[in-house]
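Summary of the model geometry
Here is how the chains run, residue by residue.
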Amino acid sequence: NAGVTQTPKFRILKIGQSMTLQCAQDMNHNYMYWYRQDPGMGLKLIYYSVGAGITDKGEVPNGYNVSRSTTEDFPLRLELAAPSQTSVYFCASSTPDRHSGNTIYFGEGSWLTVV
Amino acid sequence: GQNIDQPTEMTATEGAIVQINCTYQTSGFNGLFWYQQHAGEAPTFLSYNVLDGLEEKGRFSSFLSRSKGYSYLLLKELQMKDSASYLCAVRDERAAGNKLTFGGGTRVLVKP
């Protein structure tokens, strides 16, 4: 029952460094997402994918990149970390299911601090 | 675009009832979701409404009025473990990839 798995759980980056947040799901879901959540706020969509080889921007894509080479994996890349990217990052997935309303399932989150 | 409003914070007493309201404006509507999020954890799915009316799941119920752009989440017989943030989210009917837009969340504090 792994569901959506994210790594790392916690990370501290220096300004200008790069890193990749890993995300994998084992539910054979077509759709995958990356959201960020700032303290006391709701979730903002960074990027999403409707299937392998297809990605698209969400509300707040600047400073990030993604790829979707397989159905299972959807890594998020930060190229030049900035303090404004300090946040909690959630990877999520879903699949068309009329009865559940295509419910989105979230990973446990990755806490990123840029100093 | 979409605009979703919900109160920032609510306080209630253990055993009582709390109603969390959510209003939304969207160019096309295709479902409203409620998620629960405990501090430091991921959001977990609570309920889904796509037609007008009340959906009941144990102590939690969710109501939708599409004509008013309004939903509420009702928590009954409050328990201490219900202290959490509750996120309202809307799906636009034209949204590719089944995307959800989230409100800012309502933090509910349950007191003894």
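Refer to the structure presented above.
Residues numbered from 1 in each chain as written. Chains lettered and ligands numbered in written order. Predicted model: local features only at pLDDT ≥ 70, side-chain atom pairs only at ≥ 80, totals over all residues. Heavy atoms only, no water.

All right, on to the overall build of chain A then. A count of helical and extended segments in chain A gives zero helices and 11 strands. Along its sequence from the N terminus, chain A presents helices and strands in the succession β-β-β-β-β-β-β-β-β-β-β. Computed over the C-alpha atoms, the radius of gyration of chain A is 14 Å, within 12% of the 13 Å expected from 2.2 N^0.38 for a compact globule of 115 residues. With respect to the three principal axes, the spread of C-alpha positions in chain A is 45 × 30 × 25 Å. Here chain A, with 115 residues, has 45% of them falling under the buried criterion. The long-range share in chain A, meaning contacts at least 24 apart out of those at least 6 apart in sequence, stands at 54%. Taken as a whole, chain A presents about 5600 Å² of accessible surface, with 51% of it coming from carbon and sulfur. A gap of 7 Å separates the mean positions of the 9 positive and 9 negative side-chain charges of chain A. (Helix = DSSP H or I, 4+ residues; strand = E, 2+ residues; numbered from the N terminus. Rg over C-alpha atoms; globule rule 2.2 N^0.38 Å. Buried < 20%, exposed > 50% of the residue type's maximum accessible area, 1.4 Å probe, protein only. Contact = heavy atoms within 4.5 Å. Areas by Shrake-Rupley, 256 points an atom, 1.4 Å probe, with all protein chains shown as cover. Lys, Arg positive; Asp, Glu negative; His and termini not counted. Charge placed at Lys NZ, Arg CZ, Asp CG, Glu CD.)

The next subject is the layout of surface pockets. There is about 460 Å³ of room inside the largest pocket. In terms of lining, the largest pocket is formed by 23 residues, of which the most central are Gln 37, Pro 39 and Gly 40 of chain A together with Gln 37 and Ser 85 of chain B. If you list the elements that add at least two residues to the lining of the largest pocket, you get strand E9 (87-94) of chain A together with strand E9 (84-90) and strand E11 (106-111) of chain B. Among the residues making up the lining of the largest pocket, the classes are represented as eight nonpolar, 11 polar and four charged. (1 Å grid on protein atoms, 1.4 Å probe; cavity = no way out; pocket = protein on both sides within 12 Å on 5 of 7 lines; lining within 4 Å. Points joined across faces, edges and corners; volume = space filled by probe spheres on them. Nonpolar A, V, L, I, M, F, W, Y, C, P; charged D, E, K, R; others polar.)

Here we take up the state of the cysteines. For the coordinates displayed, the defined rule picks out two disulfides over all chains. Covalently, Cys 23 of chain A is tied to Cys 91 of chain A through a disulfide, its sulfur atoms 1.8 Å apart. For the disulfide bridge between Cys 23 of chain A and Cys 91 of chain A, the dihedral angle about the S-S bond is near -75 degrees, and by the sign convention the bridge is left-handed. Taken together, the residues span a long stretch of sequence, with Cys 23 of chain A in strand E3 (residues 19-25) and Cys 91 of chain A in strand E9 at a distance of 68 residues. Considered together, Cys 23 of chain A and Cys 91 of chain A belong to a single accessibility category, that of buried residues. Each sulfur in the disulfide pair Cys 22 of chain B and Cys 88 of chain B lies 2.0 Å from the other. (Disulfide = S-S within 2.5 Å.)

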